[in-house]
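Given next are the chains, with one letter for each unit.
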Amino acid sequence: MTRVLRGNIVSAPELGRLDVTEHGYLVLEDDGRIAGVFDRLPERYAAAPCTDYGDALVMQSFADMHLHAPQYPMLGMGMDLPLLDWLNTYAFPTEARFADPDYARRIYRRLASDLITNGTTRVCMFSSLHTEATWILMEELERAGVTGCVGKVNMDRNALPGVLEETTEQSVRETLRWLEGCRFAHVKPILTPRFTPSCTDELMGRLGQIAAERGLCVQSHLSESRPEMAWVRQLHPDCERYWETYDKFGLWKDRTVMAHCVYSDAEERAAMRRSNVLAVHCADSNVNICSGVCPVRQLLREGNWVALGSDIAGGAQLPMYKVVTAAIRASKIRRIMDGEAADFLTVEEAYYLGTTAGHRYFGAGAGFAPGDKLHAIVLDDGDFPESAGPLSVRERFERAVYMAHRHNIIAVWSEGRCVVGGEN
Ligand code: GUN
Ligand code: FE
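My aim in this report is to walk through the structure given alongside it, one point at a time. (Residues numbered from 1 in each chain as written. Chains lettered and ligands numbered in written order. Predicted model: local features only at pLDDT ≥ 70, side-chain atom pairs only at ≥ 80, totals over all residues. Heavy atoms only, no water.)

## Regarding the coordination of the iron ion (ligand 2)
At 2.0 to 2.4 Å from the iron ion (ligand 2) lie its protein donor atoms, namely H66 (NE2), H68 (NE2), H221 (NE2) and D311 (OD). Expressed as a motif, the donor residue spacing for the iron ion (ligand 2) is H-x1-H-x152-H-x89-D. In this pair, H66 sits in strand β5 (residues 62-68) while D311 sits in the loop between β14 (305-308) and α11 (320-337), placing the two residues 245 residues apart along the sequence. D311 shares its class with H66; the two are buried. (Donors = N, O, S within 2.8 Å, 3.2 Å for Na, K, Ca; no water. Helix = DSSP H or I, 4+ residues; strand = E, 2+ residues; numbered from the N terminus. Buried < 20%, exposed > 50% of the residue type's maximum accessible area, 1.4 Å probe, protein only.)

Here you go:
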């Protein structure tokens with residue numbers, strides 16, 4: 001049945017552009033696809049049932065393009081060490097707990113609920129190396145209405161002996177077994193070599209083969225911190241740059257997702273553009289575990305594809321509206337560090353990176369594009385402090401991005417279905 005949503009409709013179809021339709025109408029076809037956004041309801045839809053969200057904002061939902069589900073139990077903790085020590089001391093022992101399916105079920109059910117109620121409807125996510133826990137994660141996301149990609153992590157070296165480890169053969173065998181069991185409608189598998197120091201050449205080669213044979217995408221980490229990069233140079237003396245260590249094994253290809261890219265130089269950035277690699281900027285994590293400040297403006301200026309990630313639990317903020325404002329702050333820090341030479345991100349730009357830029361990965365068009373399944377949040381800012389004067393919808397949007405809490409999100413639509421908040 002065709003239906004109509006009414007409210008102040010806000011979307012970011014391109015970098016720096018915000019489309020606002022005050023007291024507008026968003027029309028959905030019966031399969032949850034967007035028919036269009038209108039300032040006056042076309043006559044042909046006059047008889048369709050209407051959900052009136054009053055003065056609330058109907059905005060695009062978010063896409064979190066990099067996070068680690070099995071690090072959710074350590075959210076907001078253990079950020080007193082830089083990346084490589086942080087992995088061994090905190091992250092790996094925490095991930096080891098996911099050998100227990102009951103524990104995984106409990107943690108992942110809560111994570112999926114926290115994602116969807118905060119308005120994140122698409123993700124590109126790391127699981128742990130455990131096959132069962134990874135299926136459980138996918139199941140819980142699907143049940144909650146979170147869509148996207150999840151990867152069983154591969155790590156056959158430099159892990160924690162006796163705690164969190166797999167052999168090369170186990171890693172390959174379990175990856176194939178995991179892929180066989182992935183039968184979810186909206187949550188798809190993605191190959192996930194953790195990062196170059198975690199994977200032997202043999203494993204990387206096998207994963208490259210599997211990616212080619214099965215047409216699977218790949219996600220990993222790239223140029224996140226200086227000590228990590230020095231380690232990668234030692235491990236691959238034949239590679240001039242970090243990206244080549246993935247390329248060598250067929251893992252650097254169309255729609256490969258690379259988190260961080262803090263220290264990617266001009267050559268590495270060009271390699272991303274050539275292969276249509278997505279760079280995922282994780283501003284909060286980069287500061288928390290002392291990695292650096294990504295020159296996100298430069299990536300954008302050069303035409304790189306950039307989206308945002310919470311990078312839980314290097315990042316400590318799951319809600320993407322927090323991740324969006326963290327990206328704005330990081331870009332301003334970068335500007336200060338670079339002698340005021342670079343522009344910072346505007347709210348419209350950062351919101352675009354947290355929405356359309358990520359949704360594109362899954363084949364979505366720009367903003368609320370006709371033909372796309374609806375991914376939206378409805379945000380009620382009615383309890384925000386009174387402003388000095390009447391605010392435009394654009395001003396209310398800015399305040400919503402900076403000040404939203406979970407309770408302000410009164411409805412969430414994912415894949416054309418209302419998954420939070422009922423339909424009235
Ligand atoms: N590099 C390899 N593994 C990780 C991880 O779990 N988090 C972050 N931030 N970087 C990584
Ligand atoms: Fe990460």
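Let us keep going from here.
## Description of the nonpolar core
If you look at the biggest cluster of nonpolar residues, it comprises 122 residues, and the most contacted ones within it are Y108, M125 and L141. Here the element with the most residues in this core is helix α2 (residues 101-117); it accounts for 8 residues. Dropping the residues within four chain positions of it, M125 is found in contact with L67, A69, L111, L115, L137, L141, C149, V150, G151 and Q219. Counting residues in each nonpolar core, the second largest holds 15 residues, with V58, F368, V378 and C418 among its members. (Core = buried A, V, L, I, M, F, W, Y, C linked by side-chain atoms within 4.5 Å. Contact = heavy atoms within 4.5 Å.)

## Quick notes on helix α1 (residues 83-96)
Think of an α-helix as 3.6 residues a turn; residues three or four steps apart then line up on the same face. By the largest-angle criterion, Y90 marks the main kink of α1, which is about 30°, and a proline, P93, follows within four residues. For α1, the full list of buried residues reads L83, W86, L87, A91, F92, T94, E95 and A96. Where α1 is buried, its residues meet β5 and α6 (226-235). (Bend = angle between axes of the 7 residues up to and from the residue.)

## Structural notes on the packing of aromatic side chains
Applying the stated rule across the entire model yields 10 aromatic pairs. Ring plane angle 90° and centroid distance 5.9 Å describe the contact between F62 and Y351, whose orientation is recorded as edge-to-face. In this pair, F62 is assigned in strand β5 and Y351 in helix α12 (residues 347-354), connecting sequence segments 289 residues apart. We note that F62, like Y351, is buried. Among the aromatic residues, those joined into a cluster by ring pairs are F62, Y321, Y351 and F397. The ring of F344 carries the charged tip of K332 above its face, separated from the ring centre by 4.8 Å. The ring of W305 has R360 lying over it, and the distance from NZ or CZ to the ring centre is 4.3 Å. (Phe/Tyr/Trp six-rings, centres within 6.5 Å; stacked < 30°, edge-to-face > 60°. Lys NZ or Arg CZ within 6 Å of the ring centre and 35° of its normal.)

## Remarks on the site of ligand 1
In the vicinity of ligand 1, the contacting residues are H68, Q71, L83, W86, L87, R194, F195, H221, E224, H260, I289 and D311. Here an oxygen atom of ligand 1 and a side-chain polar atom of R194 are 2.7 Å apart. Protein chains shield 100% of the accessible area of ligand 1, which is 280 Å² for the free molecule. For the shell around ligand 1, the element with the most residues is α1, which contributes 3 residues. In terms of residue class, the shell around ligand 1 is made up of 5 nonpolar, 4 polar and 3 charged. (Near = heavy atom within 4 Å. Polar contact = N/O pair within 3.5 Å; in protein donor to acceptor, adjacent residues only side chain to side chain. Areas by Shrake-Rupley, 256 points an atom, 1.4 Å probe, with all protein chains shown as cover. Nonpolar A, V, L, I, M, F, W, Y, C, P; charged D, E, K, R; others polar.)

## Structural notes on the pairing of strand β15 (residues 376-379)
Here β15 shows no split at all, with A376 and V378 on one side and I377 and L379 on the other all buried. Sheet analysis places β15 next to strand β16 (residues 409-414), joined by 4 bridges and oriented antiparallel. Looking at β16, one finds that I377 is bridged to V412. (Pairing = 2+ DSSP bridges.)

## Some points on the side chain of D311
Among buried charged residues, D311 stands out as having no salt bridge; its nearest opposite-charge side chain is R194, 7.9 Å away. At a separation of 3.3 Å, a polar atom in the side chain of D311 contacts the side chain of H260. In contact with D311, not counting residues within four places along its chain, are H66, L67, H68, E224, H260, C282 and S285. (Lys, Arg positive; Asp, Glu negative; His and termini not counted. Salt bridge = Lys/Arg side-chain N within 4 Å of Asp/Glu carboxyl O.)

## Structural notes on the environment of V146
Of note, V146 is situated in the loop between α3 (131-144) and β7 (147-151). Taking the C-alpha atoms as reference points, V146 and V347, separated by 201 residues in sequence, lie 25 Å from one another.

## Points about the sheet that holds β7
One open sheet holds the 4 strands; their spatial order is β5-β6-β7-β9, and the pairing between them is parallel. The outermost strands of the open sheet, each flanked by one partner alone, are β5 and β9 (187-189). Averaged over all pairs of adjacent strands, the angle between strand axes in this sheet comes to 20°, irrespective of strand direction. In terms of strand pairing, β5 meets strand β6 (residues 120-126) through 5 bridges, oriented parallel. (Axes fitted to C-alpha atoms, helices over the stretch in contact; angles between N-to-C directions.)

## What about the sheet that holds strand β1 (residues 3-14)?
If you trace the 7 strands from one edge of the open sheet to the other, you get β3-β2-β1-β4-β15-β16-β17, paired in mixed fashion. Two strands lie at the open edges of the sheet, namely β3 (34-38) and β17 (417-420), each paired on one side alone. The sheet shows a mean angle of 35° between the axes of neighbouring strands, taken without regard to direction. Bridge analysis of strand β4 (residues 50-60) against β15 gives 4 bridges, and the strand direction is antiparallel. Looking across to β15, one finds that L57 is bridged to L379.

## Things to note about the pairing of β16
The element β16 is extensively covered by neighbouring structure, given that 5 of its 6 residues are classed as buried. Pairing geometry for β16 and β17, over 3 bridges, is antiparallel. In the strand pairing of β17, W413 is matched with C418. If you look at the hairpin formed by β16 and β17, you'll find 2 residues sitting between the two strands, and E415 has a positive phi there, around 50°.

## Some points on α2
Over its 17 residues, α2 extends 24 Å from the first C-alpha to the last, a length consistent with the 24 Å expected when each residue adds 1.5 Å. Regarding α2, the residues found buried are Y103, A104, I107, Y108, L111, A112, D114, L115, I116 and T117. Looking at the buried residues of α2, the elements they touch are β5, β6, α3, β16 and β17. Two or three places before D102, at the opening of α2, D100 has a side-chain oxygen 2.9 Å from that residue's backbone nitrogen. One or two steps after α2, the chain reaches G119, where phi turns positive at roughly 90°. (Expected span 1.5 Å × (residues − 1).)

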